[in-house]
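# Geometric and topological summary
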Amino acid sequence: MEFKELGLSDPVLKAIDEAGYKEPTPIQAQAIPVILMTRDVLGIAQTGTGKTASFTLPMIDILAGGRAKARMPRSLILSPTRELAAQISENFEKYGKYNKLTQALIVGGTSMDEQIRNLDRGVDVLIATPGRLLDLFERGKILLADIKILVIDEADRMLDMGFIPDLEKIVSILPPIRQTLFFSATMPPPIKKLADKYLSNPKTITVSAPSSTAENVEQFLVAVPHFRKKPDAFYKLYKKEDVKNAFIFCNRKRDINDVCRFMKGKGIKAAPLHGDMDQSERTKTLGSFKAGEIDILVCSDVAARGLDVPAMSHVFNWDVPNHPEDYVHRIGRTGRAGATGRAFTLTVPNDAKVLGIIQKLIGKQIEMLDLGLGHAPPPPKEDATRPPPALRQRERRHNRAEKQNRRHRHIDDMDVDLDEKKGGDKDGGAFGDDVPAFLRR
Ligand code: AMP
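Residues numbered from 1 in each chain as written. Predicted model: local features only at pLDDT ≥ 70, side-chain atom pairs only at ≥ 80, totals over all residues.

### Concerning the packing of helix 6 (residues 130-138) against helix 8 (residues 164-173)
Which entries qualify depends on this criterion: Under this scheme, a helix contributes an axis fitted over its contacting stretch, all axes are lines through C-alpha atoms, and angles between N-to-C directions fall in the 0 to 180 degree range. The secondary structure listing takes helices from DSSP runs of H or I that are at least 4 residues long and strands from runs of E that are at least 2 residues long, numbered from the N terminus. Roughly parallel means an angle under 35 degrees; roughly antiparallel means over 145; roughly perpendicular covers 65 to 115; every other angle is labelled oblique. Handedness of a crossing follows from how the near helix is turned relative to the far one, being left-handed for an anticlockwise turn of less than a right angle and right-handed for a clockwise one. For the purpose of contact definition, each residue receives a C-beta atom placed from its backbone, and two residues are in contact when these atoms lie within 7 Å. Residues are sorted three ways: Asp, Glu, Lys and Arg are charged, Ala, Val, Leu, Ile, Met, Phe, Trp, Tyr, Cys and Pro are nonpolar, and all the rest, Gly among them, are polar.
Two numbers describe how helix 6 lies on helix 8: the axes approach to 9 Å, and their chain directions differ by 45°. As the angle between them shows, helix 6 and helix 8 are arranged oblique. Once helix 6 is placed against helix 8, the crossing between them reads as left-handed. From helix 6, P130, G131, L133, L134 and F137 reach across to helix 8, where they touch D166, L167, K169, I170 and I173. Along the lines of polarity and charge, the residues of the contact of helix 6 with helix 8 split into 7 nonpolar, 1 polar and 2 charged.

### What to know about unusual backbone geometry
We apply this condition: Put simply, a residue is buried when 20 or more other C-beta atoms lie within 10 Å of its own C-beta and exposed when 12 or fewer do; between those, it is partly exposed, and each C-beta is set from the backbone.
Look at R71: it is not a glycine, yet its phi comes out positive at around 60°. Positioned with a positive phi, N201 is a non-glycine residue whose angle comes to about 45°. Tracing the backbone shows N201 in the loop between helix 9 (189-198) and strand 7 (203-206). Here N201 falls in the exposed class, since 6 other C-beta atoms lie within 10 Å of it.

### A closer look at the sheet that holds strand 3 (residues 103-106)
Which entries qualify depends on this criterion: Two strands are said to pair when DSSP picks up at least two bridges between them.
A sheet is described by the order of its strands in space; here 7 strands give the open sequence 3-4-2-5-6-1-7, paired in parallel fashion. Looking at strand neighbours, the two that pair on one side only are strand 3 and strand 7, the edges of this open sheet. Each neighbouring strand pair of the sheet contributes to a mean axis angle of 10°, computed without reference to strand direction. Judged from the 4 bridges that link them, strand 2 (residues 75-78) and strand 4 (residues 125-128) form a sheet pairing that is parallel. The residue of strand 4 that forms the bridge with L78 is A128. Relative to strand 1 (residues 41-44), helix 2 (residues 26-36) is tilted by about 170°, and along the sheet it contacts strand 1, strand 6 (179-184) and strand 7.

### Section: the sheet that holds strand 14 (residues 367-370)
Across the sheet, which stays open at both edges, the 7 strands sit in the order 10-11-9-12-13-8-14 with parallel pairing between neighbours. A strand with exactly one partner marks an edge of an open sheet, and here the two such strands are strand 10 (270-273) and strand 14. The mean angle between the axes of side-by-side strands here comes to 25°, regardless of whether they run parallel or antiparallel. Pairing analysis gives 4 bridges linking strand 12 (residues 314-317) to strand 13 (residues 341-347), with the strands arranged parallel. Within strand 13, the position partnered with V315 by the bridge is A343. The sheet contacts of helix 10 (residues 230-240) involve strand 8 (217-223), strand 12 and strand 13, and relative to strand 13 the element is tilted by about 160°. Across the face of the sheet, helix 11 (residues 253-265) comes into contact with strand 9 (246-249), strand 10 and strand 11 (296-299) while running at roughly 170° to strand 10.

Written out as structure tokens, the structure reads:
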């Protein structure tokens, strides 16, 4: 399939050619002709699949014919984060360079006056985060009665970030006759309900997650016998590796600050990046990281999404991600643009199942490192979800024996529990008496 078969105009094709794209990605090949026919689309796809261009390219052609009135944008793209909004805006700039469309970015954390001035001039494409858009609407600075195309991007992230009530309010203000393009990486029930409500006879396009991890990223699992040993494991690794700059991903927001405190205690220049920080703090932190004043960003998946940062030497997964596709996204932060990168994932024995799924997704076994921190879990099988029958039988027998043993060990276990409640884990190590939350679980 070639771009010129999709029905796009010559100016757009020229911009695509200059972007260096040889052929459309699967979501582009399927979505572009349908969007050009002004049909609704439900795209189940995530970042990395080329989904942004799948809606920006046809939108440029659909909007090319008309003109916007002051304060009345003609299309609206809702994004969960400011960073993703900025990326979408860059896409319109890049692909719309031979069209005369105007756009405005309405996101929190930046001056409202300038955004209002832009709206006054009339915009064809309005890219916004839900909170700031509602704020401007409620102040009477913007009218949404002329919206002909609505794009909801990364709907599941909006759910994670608590934006659904804002989103519902915004959509209730929009004209009911419009084209709606709805994108989400996953379809949990609340998102499915929204899609059913907002879309009319949509074409559903599902593309699989980018499942192959970059060739030039060396990946390792690091066997940690207990989550309390993660700080020790990380620090050992950090001393061995030549870390220039890195992301450390944590699954829980509350662990991020604790990990940062630990880093600072070790003299490592680290800073947090998560969704609870306000926008100006996030922008400042990112700026310091890009300027090399901070070496390590400790972040959540949501905050790191859509961030345009230079290639990093390392990525560390403090926790194995709960969603296997997040593993691919996380480690893809290193090894970019021909550079080589290294990705380390700290794993505890409980992670075996999700690691099995991750290895199945990426189609390879990740090398296991043993840093000598004590008893290490056995390397997980490629698909640990369903072991072969002989193993299953052995496992059942083992579980029965374990159950009996546990009955006999009952009294000893109670002692251990009491010790832990008193904070008596003598070899927990790195934190002394100031035990952070991620060690208290
Ligand atoms: P996205 O999934 O929209 O975040 O896009 C991921 C990356 O793929 C972006 O850096 C785009 O510039 C790039 N991209 C989009 N479409 C294509 C294409 N057809 N060929 C090559 N790269 C593309």
